[in-house]
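Letter by letter, the chains look like this.
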Amino acid sequence: MTDHRVTIAYCSQCQWLLRAGWMAQELLSTFSTELAEVSLKPGTGGIFEVHCDGELIWERKRDGGFPDAAELKRRVRDLIDPERDMGHLDK
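Conventions used here
Residues numbered from 1 in each chain as written. Predicted model: local features only at pLDDT ≥ 70, side-chain atom pairs only at ≥ 80, totals over all residues. Heavy atoms only, no water. Helix = DSSP H or I, 4+ residues; strand = E, 2+ residues; numbered from the N terminus. Rg over C-alpha atoms; globule rule 2.2 N^0.38 Å. Buried < 20%, exposed > 50% of the residue type's maximum accessible area, 1.4 Å probe, protein only. Contact = heavy atoms within 4.5 Å. Pairing = 2+ DSSP bridges. Salt bridge = Lys/Arg side-chain N within 4 Å of Asp/Glu carboxyl O. Axes fitted to C-alpha atoms, helices over the stretch in contact; angles between N-to-C directions.

As recorded in an unreviewed UniProt entry, the chain goes by the name SelT/SelW/SelH family protein, listed as coming from Chelativorans salis.

What follows is the structure, given as structure tokens:
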């Protein structure tokens, strides 16, 4: 296991906990040996941000909504293991 960490900040007022939890589950399923931690951080004001090792990789307002699981996995992979083949996700 490595020290890579992902944080998903979500708006609790908007009821986005389930979405954030699902994204965390998807990342943990794909990167189970590469990630040390995936944390959920409740917030307000329509926030939905994903940070990997402190770098913002998805921001709902900037990136136009929510990521699909494949796109989020590609962005995490590009930071923690750029050489990794993601199979059908790379097509």
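What follows continues from the structure just given.
**Student:** Can you lay out the overall build of the chain for me, pointing to particular residues and giving the numbers?
**Tutor:** Each helix and strand in the chain was counted, giving three helices and four strands. Ordering the α and β elements of the chain from the N terminus gives β-α-β-β-β-α-α. Here the C-alpha radius of gyration of the chain, 13 Å, is about what a compact globule of 91 residues would show, namely 12 Å. Dimensions of the chain, computed from the C-alpha atoms along their principal axes, are close to 35 × 25 × 20 Å. The proportion of buried residues among the 91 residues of the chain is 36%. For the chain, the proportion of contacts with a sequence separation of at least 24, taken over those separated by at least 6, is 64%.

**Student:** Describe the pairing of strand β2 (residues 35-43), naming the residues involved and giving the relevant values.
**Tutor:** Across eight bridges, the pairing between strand β1 (residues 4-11) and β2 is parallel. Residue pairing for β2: Val 6 is matched across the bridge by Val 38.

**Student:** With reference to specific residues and values, describe the pattern of salt bridges.
**Tutor:** Summed over all chains, the structure comprises eight salt bridges. The closest approach of N and O atoms between Arg 62 and Asp 63, which form a salt bridge, is 2.9 Å.

**Student:** I'd love a proper account of the pairing of strand β4 (residues 55-59), names of residues and values included.
**Tutor:** When strand β3 (residues 48-52) meets β4, the two strands line up antiparallel, connected through four bridges. Directly across from Cys 52, in β4, lies its bridge partner Glu 55. The turn joining β3 and β4, which pair antiparallel and follow one another in sequence, is formed by two residues; a positive phi near 50 degrees is taken by Asp 53.

**Student:** Please give an account of the sheet that holds β2 that cites residues and values.
**Tutor:** One open sheet holds the four strands; their spatial order is β2-β1-β3-β4, and the pairing between them is mixed. Strands at the two margins of the open sheet, each flanked by one partner only, are β2 and β4. Neighbour-to-neighbour, the strand axes of this sheet turn through a mean angle of 20 degrees, independent of strand direction. Across the sheet, helix α1 (residues 17-30) is in contact with β1, β2 and β3; its angle to β2 comes to roughly 175 degrees.

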